[in-house]
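Per-entry structural report
Next come the chains, spelled out residue by residue.
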Amino acid sequence: MNNETKPRDTSAKVTNADMRDEMTEFSCKTVEAAFNESTSEKQMANAIRKTFNETHGPVWNVIVGRHFGSDVTHATKKYINLEIGHLSVLVWKSN
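This text gives an overview of the structure that appears in the document. Since the structure is predicted, the reported quantities are computational estimates derived from the model, not experimental observations.

**Brief notes about the overall build of the chain**
Check the secondary structure of the chain and you find two helices and four strands. Across the chain, helices and strands are ordered from the amino to the carboxyl terminus as β-α-α-β-β-β. Relative to the globule expectation of 12 Å for 95 residues, the C-alpha radius of gyration of the chain, 14 Å, shows essentially globular dimensions. Taken along the three principal axes of its C-alpha coordinates, the chain extends 55 × 25 × 20 Å. Restricting to contacts in the chain with at least 6 residues of sequence separation, those with at least 24 account for 58%. Surface exposure of the chain reaches about 6200 Å², of which carbon and sulfur atoms provide 45%. For the chain, the distance from the average site of its 12 positive side-chain charges to the average site of its 12 negative ones is 5 Å.

What follows is the structure, encoded as structure tokens:
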């Protein structure tokens with residue numbers, strides 16, 4: 001029996017996006033940092049939102065969780081849905 005633990009996957013995978021490539025890359029890096037530094041989903045969402053608001057101006061919205069549905073209206077080229085580890089992350093900017 002193998003007792004080795006499998007390392008957790010900490011790379012963000014884009015599942016759906018309406019965003020420019022450079023912004024998508026920024027989103028992945030921001031989500032990965034928050035995932036690795038946060039101890040809760042709420043803390044992770046707050047860290048992501050703070051980074052987006054400081055870097056790209058307000059108002060950004062963030063949902064982090066395991067099971068949720070969504071139907072949002074977003075600014076053009078300001079929407080991304082990612083998966084990281086066991087979580088889904090939805091980030092969008094309101095008009």
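**A short note on the pattern of salt bridges**
Taken as a whole and assessed by the stated rule, the structure comprises four salt bridges. Of the charged contacts in the structure, one is a salt bridge between D18 and K77, with a shortest N-O distance of 3.6 Å. Residue D18 is found in strand β1 (residues 13–19), and its partner K77 is found in the loop between β2 (60–65) and β3 (78–84); the two are separated by 59 residues along the sequence. Given the relative accessible area of 33%, K77 is considered partly exposed. For E41, the salt bridge is made with R66, and the minimal N-O distance between the two is 3.8 Å.

**Overview of the packing of aromatic side chains**
Taken as a whole and assessed by the stated rule, the structure comprises two aromatic pairs. Seen in terms of ring centroids, F52 and W60 are 4.7 Å apart; in terms of plane orientation they differ by 50°. Their pairing is tilted. An identical accessibility class is assigned to F52 and W60; each is buried. In this structure an aromatic cluster arises from ring pairing among F26, F52 and W60.

**Overview of unusual backbone geometry**
With an omega dihedral of 5°, the bond running from P58 to V59 counts as a cis peptide bond. Looking at the secondary structure, you find V59 in the loop between α2 (41–56) and β2. Residues other than glycine seldom take positive phi values, yet K77 does so here, at roughly 60°.

Scoring rules and cut-offs
Residue numbering note: each chain is counted from 1, following its sequence as written. With pLDDT at 70 or above as the cut-off, local features in this predicted model cover only qualifying residues; side-chain atom pairs require 80 or more to be listed or tallied, and sums for whole chains, interfaces and linings still use all residues. Side-chain metrics in this entry use all non-hydrogen atoms of the structure; hydrogen atoms and water are not considered. Labels follow the DSSP assignment, with helices taken as runs of H or I lasting at least four residues and strands as runs of E lasting at least two, numbered in each case from the N terminus. The globule rule used for comparison is 2.2 Å times the number of residues to the exponent 0.38, while the radius of gyration itself is calculated over C-alpha atoms. It only takes one pair of heavy atoms within 4.5 Å for two residues to be counted as in contact. Residue burial considers only the protein chains on display, and all accessible areas are found by Shrake-Rupley using a 1.4 Å probe. Only four residue types enter the tally: Lys and Arg on the positive side, Asp and Glu on the negative side, with His and both chain ends excluded. Charged side chains are reduced to one point each, which is NZ for Lys, CZ for Arg, CG for Asp and CD for Glu. By definition, a salt bridge exists where a carboxyl oxygen of Asp or Glu is found within 4 Å of a side-chain nitrogen of Lys or Arg. Relative accessible area decides the class of each residue, using a 1.4 Å probe on protein chains only: under 20% of the type maximum gives buried, over 50% gives exposed, and in between gives partly exposed. Only rings of Phe, Tyr and Trp enter the pairing, Trp through its six-membered ring, and a pair is recorded when the two centres are within 6.5 Å. The plane angle decides the type: under 30 degrees is stacked, over 60 is edge-to-face, the rest tilted.

On their own, these measurements won't tell you what the molecule is for.
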